[in-house]
Every structure is written in C-alpha cells, then in structure tokens.
Amino acid sequence: MTALGRIDSPADAVADSRIQAFGVLLTAANRLERLLGSSMEHESGLSHPMFEVLLLLAAKPEGAPMGDLSRRLVLTSGGATRLIDRMIATGLVQRQRSSEDKRVQVVTLTPAGAARLVQAARRHVEELDRHVFAVLPADRAGAVVDGLDRLSLHALEALPPLG
C-alpha cells in the first residue's frame, strides 16, 4: 500500500489492509454459514433463511408485513415471496391480508413453526458454542458482535430498496 493509502497497482490492491480485512470478514461469514447452515438443515430440515424468518416472526407475534421481511432478510420481494410460499407449504407460517391495509400481506408463525424454531435453535446454539464462542475469547466475542451489528445497521440504512 502506498503512503497515502492509494491503490496504484495490483500489488497495492492485494496489500491493502482494508481490502484484506473485508475479505477476512466475508470468508469467515461464508464458511460459518456453510458449516452452521448445513448442520441446521441436516438436523431440523430448515434452511438458514427459513430459520431467520422464524426468528423474526417469533419476535413479532402480531406478524410481520412481507415488505418488512424482505428488507430484513435482504431479499427481493420475489425472493421473499418464494421463501414464504415454501414455508407456508410446510406449515411453518401463514400469510393473510392486513386488516388495516388490504394491500399488505402479514406473515405469522404457526404452532408447528414455533415448535420447529425451538428444535432448530437448541441445536444451533450447540453449534454456535462449538464453532464460534469456544473459538473467540469471551472478552473479544462481545466486541466482534457489537462491531458486526454496527456494520449491519449502517449497511441496512445505506442500501437502496430491493425490487
């Protein structure tokens, strides 16, 4: 990297500590997603995106509008619709028109979805303890989570709406 942090050559790009740090972040996230996501799917039959939907709905017993789910999951409206359709077909969630605004569809957790969430969460926590919290010292884990949360909120605010 040059003294001013400019990138003037391929070697500068490779050596840039900011690019390296972001690469480490993405690589770790992708590897953990693959490791923990495959374990969850094998154990509970839930994909990680399905698990995320169930968690979001468990936090909102009144239900969540499809648009909110789409934004929180960083999915297009079509992608969110396909995911929710699969979850409806397996009895995990239900969708109905909002009583306040008929244009809005609200998704809620079913009792079967709540039971599956608990089952999956129990196993997921075991895997998180094994592959994340046993690896990171306790004093560093909090800082890592706080930093990632700040980055996530910033990105959410900076992202344009998905189609």
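Residues numbered from 1 in each chain as written. Predicted model: local features only at pLDDT ≥ 70, side-chain atom pairs only at ≥ 80, totals over all residues. Heavy atoms only, no water.

Asks: Break down the sheet that holds strand S2 (residues 93-97) for me, citing the residues and quoting the values.
Replies: Sheet architecture is open: 3 strands sit in the order S1-S3-S2, paired in antiparallel fashion. In the strand order of this sheet, the two ends are held by strand S1 (64-65) and S2, each with one partner. As judged from the 5 bridges shared by S2 and strand S3 (residues 105-109), these two strands associate in the antiparallel manner. In the strand pairing of S3, Arg 97 is matched with Gln 105. (Pairing = 2+ DSSP bridges. Helix = DSSP H or I, 4+ residues; strand = E, 2+ residues; numbered from the N terminus.)

Asks: Which residues make up the pattern of salt bridges, and what values do they have?
Replies: If you walk through the whole model with that rule in mind, you get 10 salt bridges. Here Arg 95 ties to Asp 85 by a salt bridge, and the two come within 2.6 Å at their closest N and O atoms. Taken together, the residues Arg 95 in strand S2 and Asp 85 in helix H5 (residues 77-89) connect sequence positions 10 residues apart. What makes Arg 95 partly exposed here is its relative accessible area of 28%. Here Asp 85 falls in the partly exposed class, since its relative accessible area comes to 34%. Across the pair Arg 103 and Asp 101 runs a salt bridge, and its minimum N-O distance is 2.9 Å. Overall, the relative accessible area of 24% leaves Asp 101 in the partly exposed class. Ionic contacts of the salt-bridge type, sharing partners, join the residues Glu 43, Arg 123, Glu 126, Glu 127 and Arg 130 into one network. (Salt bridge = Lys/Arg side-chain N within 4 Å of Asp/Glu carboxyl O. Buried < 20%, exposed > 50% of the residue type's maximum accessible area, 1.4 Å probe, protein only.)

Asks: An account of the packing of helix H4 (residues 66-73) against H5 is requested, with residue identities and associated values reported.
Replies: Running from N to C, H4 and H5 cross one another at 105°; their axes reach a closest spacing of 9 Å. With respect to their mutual orientation, H4 and H5 come out roughly perpendicular. Residues Met 66, Leu 69, Ser 70 and Leu 73 of H4 touch H5, and the partners they reach there are Ser 77, Ala 80, Thr 81, Leu 83 and Ile 84. A breakdown of the residues in the contact of H4 with H5 according to their chemical character gives 6 nonpolar, 3 polar and no charged. (Axes fitted to C-alpha atoms, helices over the stretch in contact; angles between N-to-C directions. Parallel < 35°, antiparallel > 145°, perpendicular 65-115°, else oblique. Contact = heavy atoms within 4.5 Å. Nonpolar A, V, L, I, M, F, W, Y, C, P; charged D, E, K, R; others polar.)

Asks: Let's hear about the nonpolar core: which residues, and what values?
Replies: Counting 21 residues, the largest nonpolar core has Leu 46, Leu 69, Ile 84, Met 87 and Val 93 as the members making the most contacts within it. Broken down by secondary-structure element, the contributors of at least two residues to this core are helix H3 (48-58), H4, H5 and helix H6 (111-133). In terms of residue count, H3 provides more of this core than any other element does, 6 residues in total. Discounting residues that sit within four places of it in the chain, Met 87 has contacts with Met 50, Val 53, Leu 54, Leu 92 and Val 93. (Core = buried A, V, L, I, M, F, W, Y, C linked by side-chain atoms within 4.5 Å.)

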